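Each chain, letter by letter, is given below.
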Amino acid sequence: MALNMRMLNQLGVCSSYSFQIKAVKSLSRSASQLAKKVANDPYKIKMLPYDNFNWMTHAWETSALHKSQTHDEVSALLVILPTPPGEDTFKITSIEQFKEKSRHNINPIIALSDILPSNDDQVIFHKNAAIHIQNILAGLFDDKILNKQQLSIPPFTDDNAIDPIRTEEHYLPTFDQEQGSTQGNMIVLEHYFHKILAIPKETFENTMFTVLGDRLTVARDRAAQDQRALDLSPDAFDHLSSICTVGGLMHYEMNFISAIAGNFWGSEKSTDAISLSTLHKLFPTLVLKAAINVTETCSVNELSSHILSNTTCLAEIATSIMRQFVTSPTHLEALKIKKLPSDTLNGHAVLLFHNILTLREMHDAVKQGHPTCVLCMIKYWMPMFYAAGCYNYANECMETLHNIIHDWPMPYADIAFKGMFFNPKGCKEDFKPTDIHVEHLNDHIKEPAHGTNVTPAVPEKIVPAMGYVQNLTDHIFEEMGAENLNQHHTHVLQTKDVLIVLQHFEAHHLFDFTMDIPSSHKVTDLYTWHRQHLARHKLRLRERHSLSSSDSQDKDLANRLE
């Protein structure tokens, strides 16, 4: 690298390598000072997303005292959450507000009912699901269909949509510290809040701060708060009581993909790599095959001609697909559509269609910056995680829902939840989960950190400058048009993959219940399975809390859980 820079410098293309090193260090010092200034600004709402990564220092010549060593590093950002217009920052983050509400003071049946999908949530999901189906069908065909039909496709809406403004972020120095224990997380929080950002302890007496991480990170942070609650120190900072934790939406999605893979393909001795990219290619094929079935066409070309002949055809096809395939196999059996009972090939396909549809809704709602739709999907996924045996994330979903709905005061709850979204460029439909932005930071750090004789001090010095350098790189990349070119090639390749998978589906008569065959593989209906469990849980709540059968309100709420 140094030789290449020296050669380009002699040709007059760039500055010298030594000057660049000094410039990066100077930029890092300036960035760190700016982060401290922002962190101590009382008119800003602060959030600390952080994560750990592992890397190895490589020794050129190893010896007993000098050899390659694995390090546990922590990377962190300072993110500023926008204050709503007309709201007072001091009142939003006031500690006094958090002492007023508690989920433990709410009727247990009401608390459980609030975190499950309501009728309004189901209406939102079905409305958006129909739009997803229309967009997929319009995008799979040529430009004539896309231009003619896309005008009739309604847009996604959310009354509480996040404004597409660029998220204010500041890169913080890395920390050579393990984060695999509760004690390690205590050290990390104290290091960044007290040493790096230099926030006085007095500030924590009346101001609430937000911390974001993956499920394991926030679970350890909560455990640290429980342990520090017994501390005899009079300072709130020593108790970590002025910190609220939120999870990362990317980890929700990845673990839901893992739950789907375990349910449909098995988790033991499975060699199939199931990823978001794989399911995104599989779902358009399912939609295309369902559209061919409901329109009673025989090929993609015939379906294309059918859509071109009717301007409202996409909406009608989407409605038919929702009615026939976005449901449970048990319901199809009751309607005499599904002839064979229990596990069958098409029954499994219907379940897979619904599960991937919820994943697409979650992923697209994040991209659109629609927190209401994301909260709706977390309500959907909570019982589905439980049914899939992913009890950790079922508990994390419940924790998030209880915090947003019951525990945290408004508008802080809304602001903290929107902190799980990150917009790097300030563009529409360009939101990302905040935790995936931290993961990308980890990847950028690892690239220069794997050199020979690189110590933990190297990333600590250069990381604060990486934000500015990365933004400049992304801007040049976008101006060159490379991003649009990559997206075009990706769309062409995806269309070819869909047609290949469609041939396989047609050979196995997918969604044709007259040609259905039994399956020896047991697949759980993740969404409807929880109803039996909730019915049993409802009875336990009545007995435990002595709920009177004459109390009509409690009876109505209990019946909603069935």
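Residues numbered from 1 in each chain as written. Predicted model: local features only at pLDDT ≥ 70, side-chain atom pairs only at ≥ 80, totals over all residues. Heavy atoms only, no water.

(A) Layout of the overall build of the protein chain. Secondary structure summary: the protein chain contains 23 helices and eight strands in total. Counting across all 562 residues of the protein chain, residues that qualify as buried make up 48%. Put simply, 77% of the contacts in the protein chain that link residues at least 6 apart link residues at least 24 apart. (Helix = DSSP H or I, 4+ residues; strand = E, 2+ residues; numbered from the N terminus. Buried < 20%, exposed > 50% of the residue type's maximum accessible area, 1.4 Å probe, protein only. Contact = heavy atoms within 4.5 Å.)

(B) Region of interest: the pattern of salt bridges. On inspection of all chains with the given rule, the structure shows ten salt bridges. In this structure, Arg-222 engages Glu-399 in a salt bridge whose closest nitrogen and oxygen atoms are separated by 4.0 Å. Of this pair, Arg-222 sits in helix α8 (residues 215-228) while Glu-399 sits in helix α17 (residues 391-407), and the two are 177 residues apart along the sequence. For the pair formed by Arg-222 and Glu-399, the shared burial category is buried. Residue Asp-430 is joined to Lys-432 by a salt bridge in which the shortest nitrogen-to-oxygen separation is 3.2 Å. For Asp-430, a relative accessible area of 16% gives the class buried. Taken together, the salt bridges that share partners define one network made up of Arg-222, Glu-396 and Glu-399. (Salt bridge = Lys/Arg side-chain N within 4 Å of Asp/Glu carboxyl O.)

(C) Spatial organisation of the packing of aromatic side chains. In the structure shown here, the tally under the stated rule is 21 aromatic pairs. Between Phe-125 and Tyr-380 the ring centres are 5.0 Å apart and the planes differ by 45 degrees, which places this aromatic pair in the tilted class. Taken together, the positions of Phe-125 in helix α5 (residues 119-140) and Tyr-380 in helix α16 (residues 371-387) put the pair 255 residues apart, joining distant regions of the chain. Like Tyr-380, Phe-125 is buried. Relative to Tyr-393, the ring of Tyr-252 lies with its centre 5.7 Å away and its plane at 80 degrees, an arrangement referred to as edge-to-face. Note that Tyr-252 is positioned in helix α10 (residues 249-264) and Tyr-393 in helix α17, a separation of 141 residues in sequence. Of the two residues, Tyr-252 and Tyr-393, both sit in the buried class. Each residue in the set Tyr-252, Phe-256, Trp-381, Phe-385 and Tyr-393 is aromatic and connected to the rest through ring pairs, giving one cluster. (Phe/Tyr/Trp six-rings, centres within 6.5 Å; stacked < 30°, edge-to-face > 60°.)

(D) Looking closely at the side chain of Glu-361. Structurally, Glu-361 can be placed in helix α15 (residues 345-368). An unpaired buried charge is present at Glu-361: no salt bridge exists, and Arg-360, the closest side chain of opposite charge, is 7.5 Å distant. Among the polar contacts made by the side chain of Glu-361, one reaches the side chain of His-132 at a distance of 2.7 Å. Among residues more than four places away in sequence, those in contact with Glu-361 are Phe-125, Asn-128, His-132, Cys-373 and Met-377. (Lys, Arg positive; Asp, Glu negative; His and termini not counted. Polar contact = N/O pair within 3.5 Å; in protein donor to acceptor, adjacent residues only side chain to side chain.)

(E) Highlighting the packing of helix α12 (residues 300-308) against helix α13 (residues 313-325). Following both chains from N to C, one finds α12 and α13 inclined at 120 degrees, their axes separated by 8 Å at the closest point. Taken as axis vectors, α12 and α13 run oblique relative to one another. Residues Leu-303, His-306 and Ile-307 of α12 pack against Cys-313, Leu-314 and Ile-317 of α13. Of the residues assigned to the contact of α12 with α13, the class counts are five nonpolar, one polar and no charged. (Axes fitted to C-alpha atoms, helices over the stretch in contact; angles between N-to-C directions. Parallel < 35°, antiparallel > 145°, perpendicular 65-115°, else oblique. Nonpolar A, V, L, I, M, F, W, Y, C, P; charged D, E, K, R; others polar.)

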